[in-house]
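As a plain string of letters, each chain reads:
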Amino acid sequence: MTGKDSPQYPAAEDFIRKNLRLQPVRSVPEILLYSAHSESGLGRLARLNGAVGAAPYWAYHWAGGTVLARHILSQPQTVSDRHVLDLGSGSGLVAIAAANAGAAHITAIDIDIHAIAAIELNAAANGTTIETLQADILDDSPPACDVILAGDVFYDARLASRILPFLVRCRAAGIGVLIGDPGRAPLPRERLRLVRAYAVADFGAEMENVSGVYSL
């Protein structure tokens, strides 16, 4: 079982409720997220259920997701009345922004059970409804949606080598693709068109820096 039906889900949800703090997102204060702080004890997740977990990226806001969320809220016609898929959703920030901008339906996909729990909790805290799916779909056929939103997916060269062909297949199938990224090395700039740039906060940075929203 995966997602909310997983036996690991209650523990993941409980950990987030007890150890993360619900607070506004820097650069996107319209949205609240359960976010890590100095006393969150995220290192304990390595011992949760006796297994080493994935990096807790779902506990922070990152520039790629933040710039996508800012763009969607500033340009709601991007997703309004459309079926949206948030790929590698993490905290659910982008999916929540899409819901607030009037998307007809949002599916937030991630491979980590803690991300699924975070998305569900964050969506509820913002009064939105988001379908969650715990899965790796990068080798699958293009999904049934109008727009794919992908924030912070080009942080690793090996992952990028799977992400880009998937997004290219989706674009060829007529699906719109928007990517948010602060300019990390694996970003395939030669395949992308800059749609808009915004100064937004990134995890671990004191200042807002310019990040981009790109289309294929």
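What counts, and where the lines are drawn
- Residues numbered from 1 in each chain as written.
- Predicted model: local features only at pLDDT ≥ 70, side-chain atom pairs only at ≥ 80, totals over all residues.
- Heavy atoms only, no water.
- 1 Å grid on protein atoms, 1.4 Å probe; cavity = no way out; pocket = protein on both sides within 12 Å on 5 of 7 lines; lining within 4 Å.
- Points joined across faces, edges and corners; volume = space filled by probe spheres on them.
- Helix = DSSP H or I, 4+ residues; strand = E, 2+ residues; numbered from the N terminus.
- Nonpolar A, V, L, I, M, F, W, Y, C, P; charged D, E, K, R; others polar.
- Pairing = 2+ DSSP bridges.
- Axes fitted to C-alpha atoms, helices over the stretch in contact; angles between N-to-C directions.
- Parallel < 35°, antiparallel > 145°, perpendicular 65-115°, else oblique.
- Contact = heavy atoms within 4.5 Å.
- Expected span 1.5 Å × (residues − 1).
- Buried < 20%, exposed > 50% of the residue type's maximum accessible area, 1.4 Å probe, protein only.
- Polar contact = N/O pair within 3.5 Å; in protein donor to acceptor, adjacent residues only side chain to side chain.
- Core = buried A, V, L, I, M, F, W, Y, C linked by side-chain atoms within 4.5 Å.

A.B. asks: In this structure, what is going on with the layout of surface pockets? I would like to understand it.
C.D. replies: The rolling of a water-molecule-sized probe over the atoms marks out the regions of remaining empty space. Roughly 690 Å³ of volume is contained in the largest pocket. Mapped onto the lining of the largest pocket, the elements with two or more residues apiece are β3 (83-87), α3 (93-100), β4 (105-110) and α5 (157-172). Ranked by residue count, the leading element in the lining of the largest pocket is α5, at three residues. Its residues placed into classes, the lining of the largest pocket shows 17 nonpolar, seven polar and six charged.

A.B. asks: Mind showing me how you'd approach the pairing of strand β2 (residues 28-35) here?
C.D. replies: Both faces of the sheet carry side chains from a regular strand, because those side chains alternate between them. One ladder, built from five bridges, connects strand β1 (residues 21-25) with β2; its direction is antiparallel. What sits directly across from Gln23, in β2, is Leu33.

A.B. asks: Can you walk me through the packing of helix α2 (residues 63-74) against α3 in this structure?
C.D. replies: A pair of packed helices is characterised by two quantities: the angle between their axes and the separation of those axes. Look at α2 against α3: their axes get within 8 Å of each other, and the N-to-C directions meet at 0 degrees. With respect to their mutual orientation, α2 and α3 come out roughly parallel. Touching Gly65, Thr66, Leu68, Ala69, Ile72 and Leu73 of α2 are Leu93, Val94, Ala97, Ala98 and Asn100, all from α3. Looking at the contact of α2 with α3 residue by residue, the classes come out as eight nonpolar, three polar and no charged.

A.B. asks: Got a minute to help me understand α5 in this structure?
C.D. replies: Helical periodicity: at 3.6 residues per turn, an α-helix aligns residues three or four positions apart in one direction. Helix length check: α5 (16 residues) gives 23 Å between terminal C-alpha atoms against 22 Å at 1.5 Å per residue, within 8%. For α5, every residue scored as buried is listed here: Ala160, Ile163, Leu164, Phe166, Leu167 and Cys170. Turning to α5, the residues buried within the fold contact β3, β6 (147-151) and β7 (176-181). The opening residue of α5 is Asp156, an N-cap whose side-chain oxygen sits 3.0 Å from the backbone nitrogen of Arg158. Directly beyond the C-terminal end of α5, a positive phi value near 95 degrees is found at Gly174.

A.B. asks: When you look at the nonpolar core in this model, what are you seeing that I'm missing?
C.D. replies: Generally speaking, soluble globular proteins have nonpolar side chains that are buried together. The biggest cluster of nonpolar side chains holds 31 residues, and the ones touching the most others in it are Ile31, Val79, Val84, Ile106, Ile130 and Leu149. Elements that contribute at least two residues to this core include exactly β2, α2, α3, β4, α4 (113-125), β6 and β8 (193-200). With seven residues, α3 is the largest single contributor of residues to this core. Ignoring anything within four residues of it in the chain, the contact list for Val84 reads Val79, Ala98, Ala103, His105, Ile106, Thr107, Val147 and Leu149.

A.B. asks: Please clarify how the pairing of strand β9 (residues 209-215) should be interpreted in this entry.
C.D. replies: With respect to burial, β9 is a largely interior element, five of its seven residues being buried. Relative to β9, β7 is paired through four bridges, and the arrangement is antiparallel. Residue Leu178 lies in a different strand from β9, and its bridge partner there is Ser215. In terms of strand pairing, β8 meets β9 through seven bridges, oriented antiparallel. Each residue of the ladder has a partner; that of Ala199, found in β9, is Val210.

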